[in-house]
Amino acid sequence: MIKKTLCFSNPAYLSLRDAQLVIKLPEVEKAENLSADFKKSAEVTRPIEDIGVVVLDNKQITITQGALEAMLENNCAVITCDSNHMPVGLLLPLVGNTTQNERFREQLDASLPLRKQLWQQTMQQKIRNQAAVLNLCSNAETKCMLAWANDVRSGDPDNYEARAAVYYWKNLFGHIPGFIREREGVAPNNLLNYGYAILRAVVARSLVASGLLPTLGIHHHNKYNAYCLADDIMEPYRPYVDRLVYDITEQYGVDVELSKDIKSELLFIPTLDIIIGGKRSPLMVGVAQTTASLYKCFSGELRKIAYPDLS
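Read on for an overview of the structure. Everything numeric here is computed off the predicted structure, so don't read it as measured data.

Turning our attention to the overall build of the protein. Check the secondary structure of the protein and you find 12 helices and 10 strands. Against the 2.2 N^0.38 benchmark of 19 Å for 311 residues, the protein shows a C-alpha radius of gyration of 21 Å, consistent with a compact globule. Seen through its C-alpha atoms, the protein measures out along the principal axes to roughly 70 × 50 × 35 Å. Sequence-distant contacts in the protein: of pairs separated by 6 or more residues, those separated by 24 or more amount to 64%. Total accessible area computed for the protein in this model is approximately 15300 Å², and 50% of it derives from carbon and sulfur atoms. Taking the average place of the 33 positive charges on the side chains of the protein and the average place of its 35 negative ones, the gap between the two points comes to 4 Å.

Looking now at the state of the cysteines. Under the counting rule described, the total for this entry stands at zero disulfides. Here Cys7 is not disulfide-linked; the sulfur of Cys81 is the nearest cysteine sulfur, at 6.6 Å. Free of any disulfide, Cys137 has its nearest neighbouring cysteine sulfur in Cys144, separated by 16 Å. By relative accessible area, Cys137 is classed as buried at 12%.

Listed in full, the buried residues belonging to helix α4 (residues 100-108) are Gln100, Arg103 and Gln107. Projected down its long axis, α4 carries its buried residues within an arc of 65 degrees, all on one side. The outward face of α4, more than 90 degrees from its buried face, is lined by the exposed residues Asn101, Arg105 and Leu108. Of the surrounding secondary structure, the elements contacted by the buried residues of α4 are α9 (228-233) and α12 (283-299).

Put simply, helix α5 (residues 112-137) and helix α6 (residues 143-151) touch, their axes get as near as 8 Å, and they point 170 degrees apart. Between α5 and α6, the angle is such that the two are roughly antiparallel. For the pair formed by α5 and α6, the contact residues are Gln124, Ile127, Arg128, Gln130, Ala131 and Leu134 on the first element and Met145, Leu146, Ala149 and Asn150 on the second.

Attention shifts here to the pattern of salt bridges. Scanning the model with the defined rule gives eight salt bridges in all. Across the salt bridge formed by Glu161 and Lys126, the nearest N and O atoms sit 3.2 Å from each other. Placement of Glu161 in helix α7 (residues 160-172) and of Lys126 in helix α5 is noted, with a sequence separation of 35 residues between them. Each member of the pair, Glu161 as well as Lys126, is classed as buried. The salt bridge involving Arg238 is made with Glu235; its shortest N-O contact spans 3.1 Å. Residue Arg238 is classed as buried on the basis of its relative accessible area of 19%.

Moving on, we get to the sheet that holds strand β3 (residues 20-24). The mixed open sheet is built from four strands, whose spatial order is β4-β3-β2-β6. Two strands bound the open sheet, and with one partner strand each, they are β4 (44-47) and β6 (61-63). For this sheet, the mean inter-axis angle between neighbouring strands, taken without regard to orientation, is 20 degrees. Contacting β2 (12-17), β3 and β6, helix α3 (residues 65-73) runs over the sheet at an angle of about 65 degrees to β2.

Tracing the backbone shows Arg205 in helix α8 (residues 189-209). Among buried Asp, Glu, Lys and Arg side chains, Arg205 stands out as unpaired, with Asp50 the closest opposite charge at 9.7 Å. For Arg205, the contacting residues outside a window of four places in its chain are Lys3, Gly52, Asn75, Cys76, Ala77, Leu92 and Met284.

Next up on the list: the packing of aromatic side chains. What the rule picks out here adds up to seven aromatic pairs. Between Trp148 and Tyr167, the aromatic rings sit 5.9 Å apart at their centres with planes inclined by 90 degrees, giving edge-to-face as the arrangement. Here Trp148 is found in helix α6, whereas its partner Tyr167 is found in helix α7, with 19 residues between them in sequence. Here the aromatic rings of Trp169 and Phe179 are separated by 6.1 Å at their centres, their planes lie at 50 degrees, and the arrangement is tilted. Of the two residues, Trp169 sits in helix α7 while Phe179 sits in the loop between α7 and α8, which places them 10 residues apart along the sequence. The pair formed by Trp169 and Phe179 is uniform in burial state, with each residue classed as buried. Members of the aromatic cluster, connected to one another through ring pairs, are Tyr168, Trp169, Phe173, Phe179 and Tyr246. Cation over ring: Arg103 sits above Tyr295, and NZ or CZ is 3.8 Å from the ring centre.

Calculation rules
Residues numbered from 1 in each chain as written. Predicted model: local features only at pLDDT ≥ 70, side-chain atom pairs only at ≥ 80, totals over all residues. Heavy atoms only, no water. Helix = DSSP H or I, 4+ residues; strand = E, 2+ residues; numbered from the N terminus. Rg over C-alpha atoms; globule rule 2.2 N^0.38 Å. Contact = heavy atoms within 4.5 Å. Areas by Shrake-Rupley, 256 points an atom, 1.4 Å probe, with all protein chains shown as cover. Lys, Arg positive; Asp, Glu negative; His and termini not counted. Charge placed at Lys NZ, Arg CZ, Asp CG, Glu CD. Disulfide = S-S within 2.5 Å. Buried < 20%, exposed > 50% of the residue type's maximum accessible area, 1.4 Å probe, protein only. Arc of directions from axis to C-beta. Axes fitted to C-alpha atoms, helices over the stretch in contact; angles between N-to-C directions. Parallel < 35°, antiparallel > 145°, perpendicular 65-115°, else oblique. Salt bridge = Lys/Arg side-chain N within 4 Å of Asp/Glu carboxyl O. Pairing = 2+ DSSP bridges. Phe/Tyr/Trp six-rings, centres within 6.5 Å; stacked < 30°, edge-to-face > 60°. Lys NZ or Arg CZ within 6 Å of the ring centre and 35° of its normal.

If you want it as structure tokens, here you go:
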């Protein structure tokens, strides 16, 4: 079952009652001219077991330890945002699988050749998915990208990822003056940053559920990054976010602000349709297939990661 993504952009009280997340609004709680029955009816509850991602995007949100504990026990990812309403923190459960110790060891023991082969597969599918987005959203020629994808060798020593990225961003958002894909760049970089943060949380949550360490990457290895593996595995999924952001700019204009309405559209990322192995599923379910196949690659049961095919 696909889990829900909840975003709280206004002041709220979040607590736990009977395995339900109880949501109260402080303005209603403090109002003296409202009856007790009305205040009670204004409460909203959501089953904890149905929640996959929670985004906390207001400094006046109060959440109880009981609610946090219940969410983490049910493998929910909790994202906190900064003063600019951009995701700044990610909270995940420490234990997500019954055979976690065994799985950690198999992940740690993965050979360098295996990790390079897995990165090769990751880059090939990312570039192919980028080419598919260009086909859908622009008139750019994509034969070169497909050739680059086929030419990616183990570990991508020729850095076809970077070559493809330059061509991809130039043709996807090249019509936007001054656009360069960078975190602090002009819009729609703000939308891409927010969307990738949601995607990262979904992937990290699924890695934990598969009994893997999100910190230990197959390629990314920045010592300050606690989610190197999540950043690796989300690469072929990024083009799904790119396409959604492109559609938003087509609808609202290229200089779009990260408003509540836009955030609401980006929060649908976990439910986007994807295809893995010829079968359609929501993105969150597909990510679970991907991380499960990654573990089987570490254990020697498989040789290939199950990635989505956007084409």
